[in-house]
There are 2 protein chains.
Amino acid sequence: MHQKGLDHSIGFLLGATYRKLTNFFAARIKDFGLTPEQWAVLFRVREEDGLIQKELAERAGKDKPTTTRILDSLEAKGFITKRASEHDRRSFQVYITDLGRETADTIEPIEYSTIAEIARVLSAEEYEQMTSLLKRLNAHTTSLLEHEKE
Amino acid sequence: MHQKGLDHSIGFLLGATYRKLTNFFAARIKDFGLTPEQWAVLFRVREEDGLIQKELAERAGKDKPTTTRILDSLEAKGFITKRASEHDRRSFQVYITDLGRETADTIEPIEYSTIAEIARVLSAEEYEQMTSLLKRLNAHTTSLLEHEKE
DNA sequence: CCAAATTAGTTGTTACAACAACTATATTCC
DNA sequence: GGAATATAGTTGTTGTAACAACTAATTTGG
C-alpha cells in the first residue's frame, strides 16, 4: 500500500508540478506571443506540414474542441494557415507560415534551456527515469480510460 | 543533453499524464458532486478545521482567486461553511459540514483505490521514486519562480 | 500616532480543458 | 443507391488557473 494523504498522491503532485513548470516556461515565451499549449500545437504543425486537425489533436495530446480553438488563435496571430483538404471536404490541412517557423525556431532552444534549468535537480538517469515512468503511466491510464467507455 | 522533441519534454509529458489521471479520477467521483480540484480543497479543510483561505490555498497548491472560487462552489453545495475570523476582520475561517465530512469519508478510499489502479504499472519502488522526483522538481521550480520575481 | 506599506479576500479577463450537442460530409452495408 | 452510421470540425457551457486590479483591514516605521 502506498503512503496516504494528498501530499503523497501522484495526481496531486503531478498537477502541482505541472502547473509550476508550465508557469515558468510560459513566462519565458510570452513575449513571443505564445502560451505553452499553443507552442505544443505549433511544434506539431512545424514537425509535419499539411496535417489535418484531428491528427494534430492526437499528436499534441489535446481534444478536438481545444485544438480548434488553439488553431484559431495561432491563425489569428499569423503563425499558421488552414486550407480546405482536397480529399475530404470536412477537413482542413494546417500549414505553418514563415512567421510561425521563425517563432518556432526561436522558441525551441528556449524550451530546451528551460528544461535543463528545471531538471538541474535531477541527474541524467533520474530525468530518463522520470520521463519513462511518465510515459508508462500515461499509456496505462489511456488504456484504462478507453476501457471505461464500454 | 536530454533527448529532444516534445515527446521527451517533461512539461509536455507531465501535462498529458496529469490530464489523463485527473479525468480518470473525475469520472469516479463526479456522482458525489465533486471535481478533483474541489476534492483537494475539501481534503485540506477536513484535515484541519478553521483554517483561513490563505492557508488553505497554500496547502491545496492553489492561488487565492482559485481558492475563493472553489470554496464558493463547496459552500454552495453545502460541504463547507465560512465564518468571519474574530482575530482578523479581513479573513474567514473555513469549517467542514457534516455532509462535507461524510462525502470526504466516502471519497478518500476511492482516491486510494484509483491511485492503486493507475499505479499498477509501477512497482512500489517506482511509485516511491516517481513521487520523490516530483517533489524535488516541484520544490526546485517553486524556488526558480520565486527568484524570478526580483 | 498616523501615513505608507502589507495582507486577506474578491472580481474581471483570458486561456485551457472536458463534455455535449450540433452541422456537414463520408462511409458502410443491406 | 439510399438509409443508417461514422467522422471532421465547430460551438456552448462549466470548471480550473493565472494575472491584474481592486476593497477593506492590519501592520510598520518615522
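Everything below is about the structure printed above this text.
All values derive from a computational prediction rather than experimental measurement. (Residues numbered from 1 in each chain as written. Chains lettered and ligands numbered in written order. Predicted model: local features only at pLDDT ≥ 70, side-chain atom pairs only at ≥ 80, totals over all residues. Heavy atoms only, no water.)

Here we look at the sheet that holds strand β1 (residues 51–52) of chain A
Residues and elements named next belong to chain A.
Right, on to step 1. Taken together, the three strands give an open sheet; going across it, the order is β1-β3-β2, and neighbouring strands pair in antiparallel fashion. The sheet is open, and its two edges are formed by β1 and β2 (80–84), each paired on a single side.
Right, on to step 2. Strand direction decides the pairing type here: β1 and strand β3 (residues 92–96), joined by two bridges, are antiparallel. Each residue of the ladder has a partner; that of L51, found in β3, is V94.
Right, on to step 3. Of the strands in this sheet, β2 and β3 touch helix α4 (residues 64–76), which is tilted by about 115 degrees from β2. (Pairing = 2+ DSSP bridges. Helix = DSSP H or I, 4+ residues; strand = E, 2+ residues; numbered from the N terminus. Contact = heavy atoms within 4.5 Å. Axes fitted to C-alpha atoms, helices over the stretch in contact; angles between N-to-C directions.)

Some words on the packing of aromatic side chains
Ring pairs (aromatic) are described by centroid distance and by the angle formed between their planes.
Right, on to step 1. Taken as a whole and assessed by the stated rule, the structure comprises three aromatic pairs over all chains.
Right, on to step 2. Judged by centre distance (5.5 Å) and plane angle (80 degrees), the rings of W39 of chain B and F43 of chain B are edge-to-face. Taken as a pair, W39 of chain B and F43 of chain B lie in helix α2 (residues 36–47) at a separation of four residues, close to a single helical turn.
Right, on to step 3. We classify W39 of chain B as buried; its relative accessible area is 1%.
Right, on to step 4. Residue placement shows R83 of chain A over the ring face of Y95 of chain A; its charged tip is 4.1 Å from the ring centre. (Phe/Tyr/Trp six-rings, centres within 6.5 Å; stacked < 30°, edge-to-face > 60°. Buried < 20%, exposed > 50% of the residue type's maximum accessible area, 1.4 Å probe, protein only. Lys NZ or Arg CZ within 6 Å of the ring centre and 35° of its normal.)

Regarding the protein's contact with DNA strand C
Right, on to step 1. The immediate surroundings of DNA strand C are formed by 25 residues, with T35 of chain A together with Q53, K54, R69 and R90 of chain B found nearest.
Right, on to step 2. Within the contact set of DNA strand C, a phosphate oxygen lies 2.3 Å away from a side-chain nitrogen or oxygen of T35 of chain A.
Right, on to step 3. In the model, a phosphate oxygen of DNA strand C is placed 2.9 Å from a nitrogen or oxygen of the K62 of chain A side chain.
Right, on to step 4. When contributions to the surface near DNA strand C are tallied by element, the ones reaching two or more residues are α2 (36–47) and α4 of chain A together with α1 (10–29), α3 (53–60) and α4 (64–76) of chain B.
Right, on to step 5. Tallied by class, the residues present in the surface near DNA strand C amount to five nonpolar, seven polar and 13 charged. (Near = heavy atom within 4 Å. Polar contact = N/O pair within 3.5 Å; in protein donor to acceptor, adjacent residues only side chain to side chain. Nonpolar A, V, L, I, M, F, W, Y, C, P; charged D, E, K, R; others polar.)

Regarding the protein's contact with DNA strand D
Right, on to step 1. Contacts to DNA strand D come from 25 residues, most closely from K54, T68, R69 and R90 of chain A together with T35 of chain B.
Right, on to step 2. Of all DNA strand D atoms lying within 4 Å of any protein atom, the proportion belonging to sugar or phosphate reaches 66%.
Right, on to step 3. N23 of chain A has a polar side-chain atom sitting 2.9 Å from a phosphate oxygen of DNA strand D.
Right, on to step 4. Q53 of chain A places a side-chain nitrogen or oxygen 2.7 Å from a phosphate oxygen of DNA strand D.
Right, on to step 5. Counting only elements with at least two residues in the surface near DNA strand D, the list comes to α1 (10–29), α3 (53–60) and α4 of chain A together with α2 and α4 of chain B.
Right, on to step 6. Across the surface near DNA strand D, the residue classes tally to five nonpolar, seven polar and 13 charged.

Section: the nonpolar core
Right, on to step 1. L14 of chain A together with L14 of chain B are the most contacted members of the largest nonpolar core, which totals 34 residues.
Right, on to step 2. Put simply, the parts of the chain that give this core at least two residues each are α1, α5 (98–118) and α6 (124–148) of chain A together with α1, α5 (98–118) and α6 (124–148) of chain B.
Right, on to step 3. Once residues within four sequence positions are removed from consideration, L14 of chain A is found in contact with L134 of chain A together with L14, T17, Y18, L21, M130 and L134 of chain B. (Core = buried A, V, L, I, M, F, W, Y, C linked by side-chain atoms within 4.5 Å.)

Digging into the sheet that holds strand β3 (residues 92–96) of chain B
Residue and element names in this part refer to chain B.
Right, on to step 1. Strand order across the open sheet formed by three strands is β1-β3-β2, with antiparallel pairing between neighbours. At either end of the open sheet lies a strand with only one pairing partner, and these are β1 (51–52) and β2 (80–84).
Right, on to step 2. The pairing of β2 with β3 spans five bridges and is classified as antiparallel. Bridge pairing in β3 links A84 to F92.

Just geometry here; none of it tells us what the structure is for.
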